[in-house]
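Structural overview
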Amino acid sequence: MNVEHGHDHNKIDLKHNDYSIDSELNVEWKVYPEKTIPNKDVEISITIKDKHGYSATSFAVIHEKQMHLLAISKDLSSFQHLHPEYRGEGQFVVKTQFPKAGSYRLFADFMPENGSQQLATFDIQTTGKETKEMIIPDKEFNKTVNDLHFELKFKALTAHQHLQMAFTVKDANSMEPIELETYLGSAGHVVIVSEDLEIFLHVHPTDETSIEQTVSYTTSFPAPGIYKMWGQFKFKGNLYTVPFVIPVPHELI
């Protein structure tokens, strides 16, 4: 039997970004099994209905998918970018596993046809003794993941302003430039959340078609504080996920 499990945050304040939850829509979350155990399969069902209870049946394809589902642990140590399958009648379903005991927030990013982009959120608690990792800002924005080296640069990092940021990707051994492959129709995807998970940003390159070694983005941080970012890039058939913890000041120092 499917059961509703967790806490629904559909009314989360999203006025600081491009998402909203349309008052005409109702998002129903169900999780099976009821007792969610770390490293065991979990089925998540998300059903979109209108205010009258009728299923929404038409969704736009955004970056090759009708829904992007981000699952992030409350301590920001675990990140998953999932793509639920559309089963019809407004229902999306995906299976996954959560790697450790504790709390997770799910962000469903979708767009009904002829509507605006939507973001619905839901909390899940997995069983067991919870261990929280410290969220420590990076002192340098350079990181090696497997055989690639990533450098993150900002132009005028500050809150409340539109700003430019760029990932430069090189071969970790030779430090020579490489040519990326497209991932979900883009040179690279970036997800950013605030330390308390109340702010969510899903950012795509300013030039979606470019696969040069440097991928540029325009975004804004709606409030000062600590944010965690995950950049996702594809090279030689492999998906690379590179995290950074960013301290965003109130104003330029």
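Residues numbered from 1 in each chain as written. Predicted model: local features only at pLDDT ≥ 70, side-chain atom pairs only at ≥ 80, totals over all residues. Heavy atoms only, no water.

With an unreviewed UniProt entry as reference, the protein is termed Secreted protein, source organism Robertmurraya beringensis.

**Notes on empty space enclosed by the protein**
Under the defined criterion, the tally for this structure stands at one cavity of 30 Å³ or more. Of the pockets and cavities examined, the largest cavity occupies roughly 50 Å³. Considering the residues around the largest cavity, the lining is formed by Ser73, Lys74, Asp75, Lys100, Ala101, Gly102, Ser103, Tyr104, Glu130, Thr131 and Lys132. Ranked by residue count, the leading element in the lining of the largest cavity is strand β8 (residues 102-110), at three residues. Class assignment for the residues of the lining of the largest cavity results in two nonpolar, four polar and five charged. (1 Å grid on protein atoms, 1.4 Å probe; cavity = no way out; pocket = protein on both sides within 12 Å on 5 of 7 lines; lining within 4 Å. Points joined across faces, edges and corners; volume = space filled by probe spheres on them. Helix = DSSP H or I, 4+ residues; strand = E, 2+ residues; numbered from the N terminus. Nonpolar A, V, L, I, M, F, W, Y, C, P; charged D, E, K, R; others polar.)

**Let's talk about the environment of Leu106**
Within the secondary structure layout, Leu106 lies in strand β8. A relative accessible area of 0% means that Leu106 is categorised as buried. When the C-alpha positions of Leu106 and Leu69 are compared, they lie 6.8 Å apart, and in sequence the two are 37 residues distant. Excluding anything up to four places from it in sequence, Leu106 contacts Trp29, Ile44, Leu69, Leu70, Ala71, Phe98, Ala120, Thr121, Phe122 and Ile124. (Buried < 20%, exposed > 50% of the residue type's maximum accessible area, 1.4 Å probe, protein only. Contact = heavy atoms within 4.5 Å.)

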